[in-house]
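# Survey of secondary and tertiary structure
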Amino acid sequence: MIADETELSAPRRKLTGLAAVGLMALLAGVAQSFGRFTYGVLLPAIRDDLGLSNTVAGSLATVNLAAYLIGSLVVAAATSRFRLLAVMRIGMVLAVTGQLLAAVAPSAAALGLGLFMMGLGGALTWIPAPVVASDAMAPGKRAYAIGVLGAGMGLGVVFAGQFAGFVRSTMGDASWRNVYVAQFLIAVVVATAVLLLIGHHQGRPSSKAGIGGFSALRRMRGWVPLVCAFSSFGFLYLLVVAFLTTRLEDDSGWTSAQASFAFTLLGVAMVFGGPVFIAFASRFGPRPTVAFAFAAWAVVTIAILPGWFAPTLAASIAIGLLFAAMPTILTLYVVNNTTTDDYGPSFAAVTLAFGVTQMIAPQLGGYMADATGSFTWVFLLSAALAVVGLGAALRLPGPARPDFAPTPAPALEADWRKINMTYVVTPADVAAH
């Protein structure tokens, strides 16, 4: 993050360092994993309990993602007028409210309203979170703070997968609301701690972001391939993550416990995916790292199709690593190439494009499954989109370089002269006079 010297030197928060980043990681799990991915784990149970088709069930996921899209527009406008921390706090309240609505939802329409609140709150929470978290660390460690946020999302997916599998196996499909009840209670605790303990210093926001934040986005290097890469990721990941358990149960004949276990492995891998690939990016650079992630996604997605138990579990682990890696590295690119004023609108604009493809993916995936009677073509489409993302990633600019090589200073022989108890290097030819 490019910031003013005054901002860097000012007090920023009540909780600092790893403690602040850890708490923000838990918030990422609540706002993103609980708000977006729990529905994918519970989809078969909700579909069967409420008597929904795959298309209608996919449409409920689309409601959540449409709300995230709307939230991106809200963030683009709000961060031009309000500080990032204030926007994030409002998002937390909305996300917690959505969990409560889902926990008591008597029908698909009521559940849709809860999913909408979770999507809206997730956008308002997540978009400011990387800067709030990374500013809690020393400049050289801020990239790892973003990786830890991905780990928090992974922990949320692990909890959702394990707890949903336990609830379904012990209480039946009709008990899916209990999962949202537990998540609501956890969300209340985490959100309260963040409200009380997390602060962030930011100067007065700039209003020069443009509609949807795109004026700010266009000031960033490589914004076109970045948008293409983020959009491809938004489309491809939901085709797999939203329908993984359903694919394994319906097409491969897995039990609900086996499918939940595969989803749990995906979530465990997510915990490590962000930090591991941040380390790779530090060594090899962001562009080759994210390009490798897209290429690997195409391979492991196809590896799931036969439904073999051990290879599918291994592929689920790989998907979890890659699922955490791609947005982490792309988000790091935004953080490293924008100013504090431009970050919120820029990332919101990127998320807007990302959200459009997210909104389409579950609806299209559910329709394709109903039309073909299988999720095979859904997963093949995800693999094809990974190839598109690979091309976009390869077009991202490398590290900024000067326009010309600096002229080396001439090597001058120097002597030492003691002046007022300090030592000053003086060129020998000047000293001769």
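Parameters at a glance
- Residues numbered from 1 in each chain as written.
- Predicted model: local features only at pLDDT ≥ 70, side-chain atom pairs only at ≥ 80, totals over all residues.
- Heavy atoms only, no water.
- Patch = residues over 30% accessible without salt bridge, like charges linked within 9 Å, V, L, I, M, F, W, Y side chains within 5 Å.
- Areas by Shrake-Rupley, 256 points an atom, 1.4 Å probe, with all protein chains shown as cover.
- Salt bridge = Lys/Arg side-chain N within 4 Å of Asp/Glu carboxyl O.
- Helix = DSSP H or I, 4+ residues; strand = E, 2+ residues; numbered from the N terminus.
- Buried < 20%, exposed > 50% of the residue type's maximum accessible area, 1.4 Å probe, protein only.
- Phe/Tyr/Trp six-rings, centres within 6.5 Å; stacked < 30°, edge-to-face > 60°.
- Lys NZ or Arg CZ within 6 Å of the ring centre and 35° of its normal.
- Axes fitted to C-alpha atoms, helices over the stretch in contact; angles between N-to-C directions.
- Parallel < 35°, antiparallel > 145°, perpendicular 65-115°, else oblique.
- Left-handed = near helix turned anticlockwise from the far one by under 90°.
- Contact = heavy atoms within 4.5 Å.
- Nonpolar A, V, L, I, M, F, W, Y, C, P; charged D, E, K, R; others polar.
- Expected span 1.5 Å × (residues − 1).
- 1 Å grid on protein atoms, 1.4 Å probe; cavity = no way out; pocket = protein on both sides within 12 Å on 5 of 7 lines; lining within 4 Å.
- Points joined across faces, edges and corners; volume = space filled by probe spheres on them.
- Core = buried A, V, L, I, M, F, W, Y, C linked by side-chain atoms within 4.5 Å.

Together, Val 268, Phe 272, Val 276, Phe 280 and Phe 284 make up an exposed nonpolar region whose accessible area comes to about 450 Å². Positionally, Phe 280 belongs in helix α12 (residues 256-284). Relative accessible area serves as the criterion here: at 36%, Phe 280 is assigned to the partly exposed category.

The next subject is the packing of aromatic side chains. Think of a pair of aromatic rings as described by two things: how far the centres are apart, and how the planes are tilted against each other in angle. Taken as a whole, this structure holds ten aromatic pairs when the rule is applied. The interplanar angle of 90° and the centroid separation of 6.3 Å between the aromatic rings of Trp 176 and Tyr 180 together place this pair among those described as edge-to-face. Ring-pair connections join several aromatic residues into one group, and the members of that group are Phe 34, Phe 159 and Phe 163. Taking the ring centre of Tyr 68 as reference, the NZ or CZ of Arg 36 above it sits at 4.3 Å. Of note, Arg 247 hangs over the ring of Phe 379, and the distance from its end group to the ring centre comes to 5.9 Å.

What follows covers the packing of helix α10 (residues 223-241) against helix α13 (residues 286-304). Axis separation between α10 and α13 bottoms out at 12 Å; the angle between their running directions is 20°. It follows that α10 is roughly parallel to α13 by the angle criterion. Along this stretch, α10 crosses α13, giving a crossing that reads as left-handed. On α13, the residues touching Ala 229, Ser 232, Phe 233, Leu 236, Tyr 237 and Val 240 of α10 are Phe 294, Trp 297 and Thr 301. Grouping the constituent residues of the contact of α10 with α13 by class yields seven nonpolar, two polar and no charged.

Across its 19 residues, α10 extends 26 Å between first and last C-alpha, which sits within 8% of the 27 Å expected from 1.5 Å per residue. The element α10 is largely enclosed, with a buried count of 16 among its 19 residues.

A few words now on the side chain of Thr 301. Mapping Thr 301 onto the fold places it in helix α13. You can call Thr 301 buried: its relative accessible area is 1%. If we skip the residues at most four places from it in the chain, Thr 301 touches Val 240, Phe 379, Ser 382 and Ala 383.

Another point: empty space enclosed by the protein. One simple way to see leftover space: roll a probe sized like a water molecule over the atoms. Tallied over the entire structure, the rule returns three cavities of 30 Å³ or more. Computed from the structure, the largest cavity encloses a volume of approximately 200 Å³. If you go around the largest cavity, you meet 20 residues; those closest to its centre are Gln 32, Trp 126, Met 153, Phe 233 and Pro 327. For the lining of the largest cavity, the secondary-structure elements that each account for two or more residues are α2 (17-50), α7 (142-171), α10, α14 (309-336) and α15 (340-372). Top contributing element to the lining of the largest cavity by residue count: α14, with five residues.

Bringing the nonpolar core into the picture now. In terms of nonpolar packing, the biggest core is built from 137 residues, with Tyr 39, Leu 111, Tyr 180, Tyr 237 and Trp 297 touching the most fellow members. Not counting chain neighbours up to four residues away, the residues in contact with Tyr 39 comprise Ile 46, Ala 57, Leu 60, Ala 61, Leu 111, Leu 115 and Tyr 180.

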